[in-house]
Amino acid sequence: MELHYEGIGKDDPVRLCIDSGGYRPRFETVSETSTGSISTKAKQFGPPLGAFTIGAVVGALIAVGLAQDGQETVAAKVGGLSATDSNAYLQRAAIYEKSPAALQAFNLAQQARTMIFPIFDRQRQLLVLSVFEGVIEIDPEYFGGYAGAAQALASLAVITPPSDAKSEYADAAMKLASQAVSLAPDEAWSQSAKSWASFANRDYDASLQLGRRASKLDPNDGAVLDFLGAVALFSGEFEEAIETADRLSLLDSSNQRFANRNISGATHFHLGEYQTTVERFEEAKQLGDPLSAPSLAYVTAALSAMGQDQAAKAKLAELERAWPNAPIDAMLKSIHKDVENAEAVLRELQKQGWVSPIR
């Protein structure tokens, strides 16, 4: 939207805005809108089911704007942007030169990538997978479609109980991740996708190695760091998980639904730092980060471990209202390398009266 209103939409009398941290659109007249560009932080998207349509619309708007303005106009506009925004603008201009479809695929993949957390939401993973399949269909040469699809499939493998379906998800994830690496071996996202696929296949050493490589390729990619933090957490490498998750650049505000505060909170629990666990998850809630049933389970367990039974029972009730019959035990046991780490959380839940829905 920013690019549209800086280009062919600069004279629009009414502008559509979506504020950071929200999903509800609002309209502003030009007199209400500052003379500068619309904040680049206003990049939240609508309900997941509209992802493909929104991606197509955004891609079309940018493509038309670039086509009409031409490269000289692009260069002129870049001069008034920050270095980060300028690079993003030029990147999209370069992709458009390949084809409008390539730009549409790129935009759609970037949008879908912000939707992948929380990983414990099966319907979310299926939805995101379908979006990335659409990206592959639009531009089969773009690595991002394969990388994103691999991460969604790996997440499905991780949260699926032992079965043929679990193995099929894991195998498909590795196949697509390898395709992403083949297309773009020097891209952090490709390496991160293969790391998560390796985790789904229970190859923890390879997963950590590839995740670390990805973080070195792009130490500023929050999604890459989130997956490395998750791998470290669930592999029992708690110090590394803390170092990765507690990055100052992403602790101060909400950043495209990153999961680092959730990862940090869970890791601090396993280090016995229960108050920090509660604080991290509270920050995540306030800043609009992705939350899931295991998130509330960790908060409940931390409160219980501190002896705050009344608060723990209240949080447990909140968990059961939001996610009735959620198989917390299956979720945690399926993702932790050491089942004892899952049991540490479950014991605290059971102290507060939680009963597993699985018989």
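Residues numbered from 1 in each chain as written. Predicted model: local features only at pLDDT ≥ 70, side-chain atom pairs only at ≥ 80, totals over all residues. Heavy atoms only, no water.

A. Up close: the overall build of the protein. When its secondary structure is counted, the protein shows 17 helices and two strands. For the protein, long-range pairs separated by at least 24 residues make up 59% of all intrachain contacts whose partners lie at least 6 apart in sequence. Carbon together with sulfur atoms contributes 53% to the accessible area of the protein, which is approximately 16400 Å² in total. (Helix = DSSP H or I, 4+ residues; strand = E, 2+ residues; numbered from the N terminus. Contact = heavy atoms within 4.5 Å. Areas by Shrake-Rupley, 256 points an atom, 1.4 Å probe, with all protein chains shown as cover.)

B. A look at helix α13 (residues 274-286). The terminal C-alpha atoms of α13 lie 19 Å apart, and with 13 residues this matches the ideal 18 Å at 1.5 Å per residue to within 8%. All of the buried residues along α13 are Thr-277, Val-278, Arg-280, Phe-281 and Ala-284. For α13, the angular spread of the buried residues around the axis is 165°, confining them to a single face. Considering only its buried residues, α13 is in contact with α12 (260-270) and α14 (293-305). (Expected span 1.5 Å × (residues − 1). Buried < 20%, exposed > 50% of the residue type's maximum accessible area, 1.4 Å probe, protein only. Arc of directions from axis to C-beta.)

C. Structural context of the pattern of salt bridges. Taken as a whole and assessed by the stated rule, the structure comprises 13 salt bridges. As a salt-bridge pair, Asp-289 and Arg-261 come within 2.4 Å of each other at their nearest N and O atoms. In this pair, Asp-289 is assigned in the loop between α13 and α14 and Arg-261 in helix α12, connecting sequence segments 28 residues apart. A single salt-bridge network, built from bridges that share partners, covers Lys-98, Asp-139 and Glu-141. (Salt bridge = Lys/Arg side-chain N within 4 Å of Asp/Glu carboxyl O.)

D. Representation of the packing of helix α9 (residues 204-217) against helix α10 (residues 222-235). At a closest axis distance of 9 Å, the pairing of α9 and α10 adopts a crossing angle of 150°. By the criterion of interaxial angle, the relationship of α9 to α10 is roughly antiparallel. Seen along the crossing, α9 lies across α10 with a hand that is left-handed. Between α9 and α10, the contacting residues are Tyr-204, Ser-207, Leu-208, Gly-211, Arg-212, Ala-214 and Ser-215 on the first element and Val-224, Leu-225, Leu-228, Val-231, Ala-232 and Ser-235 on the second. A class-by-class count of the residues in the contact of α9 with α10 yields eight nonpolar, four polar and one charged. (Axes fitted to C-alpha atoms, helices over the stretch in contact; angles between N-to-C directions. Parallel < 35°, antiparallel > 145°, perpendicular 65-115°, else oblique. Left-handed = near helix turned anticlockwise from the far one by under 90°. Nonpolar A, V, L, I, M, F, W, Y, C, P; charged D, E, K, R; others polar.)

E. Here's a closer look at the environment of Cys-17. Inspection of the secondary structure assignment puts Cys-17 in strand β1 (residues 14-18). Judged by its relative accessible area of 7%, Cys-17 is buried. In the structure, Cys-17 is positioned 16 residues away from Met-1 in sequence and 8.1 Å away in space, judged by C-alpha atoms.

F. Layout of the packing of aromatic side chains. Scanning all chains against the criterion turns up twelve aromatic pairs. Relative to Tyr-142, the ring of Phe-106 lies with its centre 6.1 Å away and its plane at 55°, an arrangement referred to as tilted. Linking Phe-106 in helix α4 (residues 100-113) with Tyr-142 in the loop between α5 (122-138) and α6 (143-159), this pair joins segments that are 36 residues apart in sequence. For the pair Phe-106 and Tyr-142, a shared accessibility class is recorded, and that class is buried. (Phe/Tyr/Trp six-rings, centres within 6.5 Å; stacked < 30°, edge-to-face > 60°.)

G. Structural view of α10. Look at α10: 20 Å from first C-alpha to last across 14 residues, which is about the 20 Å you get at 1.5 Å a residue. Capping of α10 at its N-terminal end is provided by Asp-221; its side-chain oxygen lies 3.0 Å from the backbone amide nitrogen of Ala-223. A positive phi of about 90° marks Gly-236, the residue just after α10. (Polar contact = N/O pair within 3.5 Å; in protein donor to acceptor, adjacent residues only side chain to side chain.)

H. Looking closely at the side chain of Asn-262. Relative to the assigned elements, Asn-262 resides in helix α12. Asn-262 gets classed as buried once you look at its relative accessible area, which sits at 9%. When near neighbours in sequence (up to four residues on either side) are disregarded, Asn-262 contacts Phe-281, Ala-284, Asp-289, Pro-290, Leu-291 and Ser-295.

I. Geometry of the nonpolar core. Phe-132, Tyr-142, Trp-196, Phe-199 and Ile-328 are the most contacted members of the largest nonpolar core, which has 83 residues in total. When residues of this core are assigned to their parent elements, the largest contribution, twelve residues, is made by α6. The contacts of Ile-328, once residues within four sequence positions are left out, are Ala-293, Pro-294, Ala-297, Leu-319, Leu-346, Leu-349 and Trp-354. (Core = buried A, V, L, I, M, F, W, Y, C linked by side-chain atoms within 4.5 Å.)

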